[in-house]
Amino acid sequence: MSDAASPPLTRRNLLTLIGASAGGTAMYQAMTSLGFAAESPYRGPIKLEGDPKGASVVILGAGLAGMTAAFELGRAGYKVRILEYNNRAGGRNWSLRGGDAYTELGGATQHCTFDDGLYLNPGPWRIPYHHYALLDYCRRFGVTLEPFIQLNHNAFLHSSKAFGGRPQRIREIKADFEGAIAELLAKATRQGALDDAVSKDDQAILIEALRAHGGLDKDFRYVASDESAEFRGYAKDPGGGLGAAPVNGEPIGMHDILTSRLWQGLQNFLSYDFQTTMFQPVGGMGRIGEAFARQLPNAIRYGAKVTGIRQDERGVTVAFEDLARDGTIEEARADWCVCALPLTILSQLPVEVSAPMKAAIDAVPYSSSVKFGLQFRRRFWEEDEHIFGGISYTDLPIRHISYPSAGYNSGGKGVLLGGYIWNGPNAYEFTAMSPAERIARALDDGAQIHPQYRSEFETGISVAWHRAPFTLGCAGEWTEETRRDHYDNLCQIDGRIVLAGEHASYIPAWQEGAILSALDAIARLHKRVVAA
Amino acid sequence: MGAVRTPIDRRRLVLLCAAVLACTGVLAQEPPTSAPFISRGRGFDEQGGAALYANVCAACHQPDGRGAVGAAAYPALAGNKNLASADYLTSLLFNGLRGMPPLGRMMSDAQVADVINYVRTHFGTSYDDPISAADVKAARP
Ligand SMILES: Cc1cc2nc3c(=O)[nH]c(=O)nc-3n(C[C@H](O)[C@H](O)[C@H](O)COP(=O)(O)OP(=O)(O)OC[C@H]3O[C@@H](n4cnc5c(N)ncnc54)[C@H](O)[C@@H]3O)c2cc1C
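Residues numbered from 1 in each chain as written. Chains lettered and ligands numbered in written order. Predicted model: local features only at pLDDT ≥ 70, side-chain atom pairs only at ≥ 80, totals over all residues. Heavy atoms only, no water.

Remarks on the interface of chain B and chain A
Note the cut-off: Should any heavy atoms of two residues lie within 4.5 Å, those residues are counted as being in contact. Put simply, buried area is how much 1.4 Å-probe accessible surface two parts lose in total, over both of them, once they are put together. By salt bridge we mean one thing: a side-chain nitrogen of Lys or Arg within 4 Å of a carboxyl oxygen of Asp or Glu. Each polar contact in these results corresponds to two N or O atoms within 3.5 Å; when the atoms are within protein, one needs to be able to donate a hydrogen and the other to accept it, and residues that are neighboring in sequence are counted only if both atoms are side-chain atoms. In this description a helix means any DSSP run of H or I spanning at least four residues, a strand means any run of E spanning at least two, and both kinds are numbered starting from the N terminus. Polarity classes work like this: nonpolar for Ala, Val, Leu, Ile, Met, Phe, Trp, Tyr, Cys and Pro, charged for Asp, Glu, Lys and Arg, and polar for all others, with Gly in that last group.
On the chain A side, the residues contacting the 30 residues of chain B number 29 residues. On the chain B side of the contact with chain A, Ile38, Ala71 and Arg98 of chain B bury the most area, a combined 27% of that side's loss. Inspection of the region where chain B meets chain A yields one salt bridge. Among the ionic pairs, Asp362 of chain A bridges to Arg98 of chain B, the shortest N-O distance being 3.7 Å. Across the chain B-chain A interface, the total number found is seven residue pairs in polar contact (both at pLDDT 80 or more). Of all the secondary-structure elements, those providing two or more residues to the side of chain B that touches chain A are α2 (49-61), β1 (68-69) and β2 (73-74) of chain B. Considering only residue class, the side of chain B that touches chain A consists of 18 nonpolar, eight polar and four charged.

Now the structure itself:
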């Protein structure tokens, strides 16, 4: 720490002291016994201490950001109310279930006819274990979670241009790619190519590690062997009784893996955001928004379309249309405003904020994304292909097929995520299609990986986020430059208005970002209110 | 505006004719070719203004160019005064505008010119100063 002044003895400072005086090991032991090794921006339920003296706050948008703000400000003694365009809470946190209808921009209405208990999460669908704030609200509000399977070794990596278009098991590509690398590195080490970089003693350990990790045989080769089979599986699995001996399979060659580019798919399992354990709410991601809304009885005004925001020294006036009454204009007045509308929408409204904040509101385009839910009369991916949860990745326009992380081995029907497209030309092209054209295309693509699509498909639904009437896009897309020029201006309290939402965070396109941004915004707002 | 124009080639001639026809009302609202199209790479593969409009712009502005209204709106292009300046559209496609992403960055110069010329000669407007790929190239950031 470069801070020379003597700081108060916080937990962190205590650790620094221990680190300086006792060395790394003691420091690490102290860290783990104090309960954290990496500092999370979330520190448990927010405490807004001090009396807001009856101050009122109007909150715009009942997404997770708006509802987090409303719940916590309400708990701290503020008078809160939320104006929400939709007739439901949650915003992008949403599940489509049988009986739901969805009308997209352009007017097409899709009726979801999934069987009971089956759903599509058109937006958020997985939660990393390190999204502590979101997990904490799920716990506090009684939202039951179950594991979301991100990595299933038995799902597929697929390239239409490699292996004759035949999908490959993730397990085999992963084991064979890592095995081939281990063999090469072991060979280079033993030929002395690393003598300058690695000491002889370390080389001995390295070779031992490569053999163990890579599944190399006693001669340091990655070939069909008992060792490689432990990672890549067998050509014929071990059984019982006569003729039960396993048969080891022939690895896929390094050249074929490299040129197929299927190794690119492996990255989807390595990054911090996608490491196990991931979660999903039982019954659909929408359960989270529903649980937040239950905590806010009578606070949410539905069917209220905000059309303008004015402010003066004493408060904020929000104009909105009552959609249930043909757009009759009403006004809501409050001392403060937490605006948790997506920027795609806020940027089009007349808003009385400073020029720098307005420039920030206008500076962030939204990514484009399309998702498909396809119901099949049989869980053929489990019955025929032994894929229980997880994701197959493909170079076809649908990009993903994700298998349900629930209801395994039940023999009934199931809904697949039949495609998930994020940015690039295809996202716009799918958005331009009619819902029927989208589904037809998703079926054509998917049938190249699972031919059972043809005979087992029953019904489908798609959501193209640029046609979603309540967001006009998927999520805020920041660049290094726009962050530098606009992010701080976006997050400032501007007179009596403060913004919140995933776009006001460094975790854009994640629910955690929406919640953390709301907590930070109301903490600063509250400080100002009690100081006044 | 004001960029040097290329001499009249056949494509421009067709556009001019189309513009004239549109003025005289013979060519009423030619519907964009709406056969769905899927590009293969990182850029749009559609060729020609009609295909680009139908598979890219129509996603938001709708096939008939009338836009759409929800919690906010995709403005109508039909009758939109801002189509008067091809240079403005070029800048719009490269820089985006609030909720409109900078889609021209996924198009070639010729594609940007084609789609701009298309929107300026359909949807009830008929400007007779088409922009060329060379103009677009000069404006690309
Ligand atoms: C395809 C996709 C995949 C995603 N995947 C994940 C994931 O796996 N995990 C994850 O954690 N996150 C994921 N996200 C991101 C996550 O959905 C968002 O970060 C989060 O839900 C945003 O919450 P918010 O409160 O900021 O905005 P929103 O949820 O958009 O809330 C804004 C609210 O404002 C309302 N509103 C809009 N206009 C008006 C108006 N004029 N007047 C009144 N109300 C209005 C809207 O109806 C909405 O309820 C994904 C998002 C998408 C689209």
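There's plenty left to go through after this.
Some thoughts on the pattern of salt bridges
Basically, it comes down to this: Each residue is placed in one exposure class: buried if its accessible area under a 1.4 Å probe, protein chains only, is under 20% of its type's maximum, exposed if it is over 50%, and partly exposed if it falls in between.
Under the defined criterion, the tally for this structure stands at 38 salt bridges over all chains. Ionic pairing is found between Asp195 of chain A and Lys200 of chain A, a salt bridge with its closest N-O pair at 3.3 Å. For Arg140 of chain B, the salt bridge goes to Asp109 of chain B, with nearest N and O atoms at 2.8 Å. A residue pair is termed long-range when its members are at least 10 positions apart, and Arg140 of chain B in the segment after α5 (133-139) and Asp109 of chain B in helix α4 (residues 109-120) qualify at 31 residues. Judged by its relative accessible area of 29%, Arg140 of chain B is partly exposed. Here the residues in one salt-bridge network are Asp115, Arg377, Lys413 and Glu458 of chain A, joined through shared partners.

Focus: a nonpolar patch on the surface
All names here are of chain A. Note the cut-off: For patch detection, residues must exceed 30% relative accessible area and be free of salt bridges, and they are connected within 9 Å for like charges or within 5 Å for nonpolar side chains (Val, Leu, Ile, Met, Phe, Trp, Tyr). Every accessible area reported is derived by Shrake-Rupley at a probe size of 1.4 Å, with residue values counting cover from the shown protein chains alone.
Among the surface-exposed residues, Tyr129, Tyr132 and Tyr272 lie close enough to one another that they form a single nonpolar patch of about 300 Å² accessible area. Looking at the element boundaries, Tyr132 is found in helix α3 (residues 132-140). Given a relative accessible area of 37%, Tyr132 falls into the partly exposed group.

Some thoughts on the sheet that holds strand β17 (residues 328-334) of chain A
All names here are of chain A. The test is simple: Two strands qualify as a pair provided that DSSP identifies no fewer than 2 bridges between them. Fitted lines through C-alpha atoms give the axes, limited to the stretch in contact for helices. The angle between two N-to-C directions lies from 0 to 180 degrees.
As summarised here, the arrangement of the three strands in space is β15-β16-β17, forming an open sheet in which the pairing is antiparallel. Strand pairing shows two members of the sheet lacking a second neighbour, β15 (304-311) and β17, which therefore form its edges. Geometrically, the sheet is characterised by an average inter-axis angle of 25° between neighbouring strands, direction not taken into account. Pairing analysis gives seven bridges linking β15 to strand β16 (residues 316-322), with the strands arranged antiparallel. Paired with Ile309 across the strands is Val318, a residue of β16.

This is a description of form; function is not addressed.
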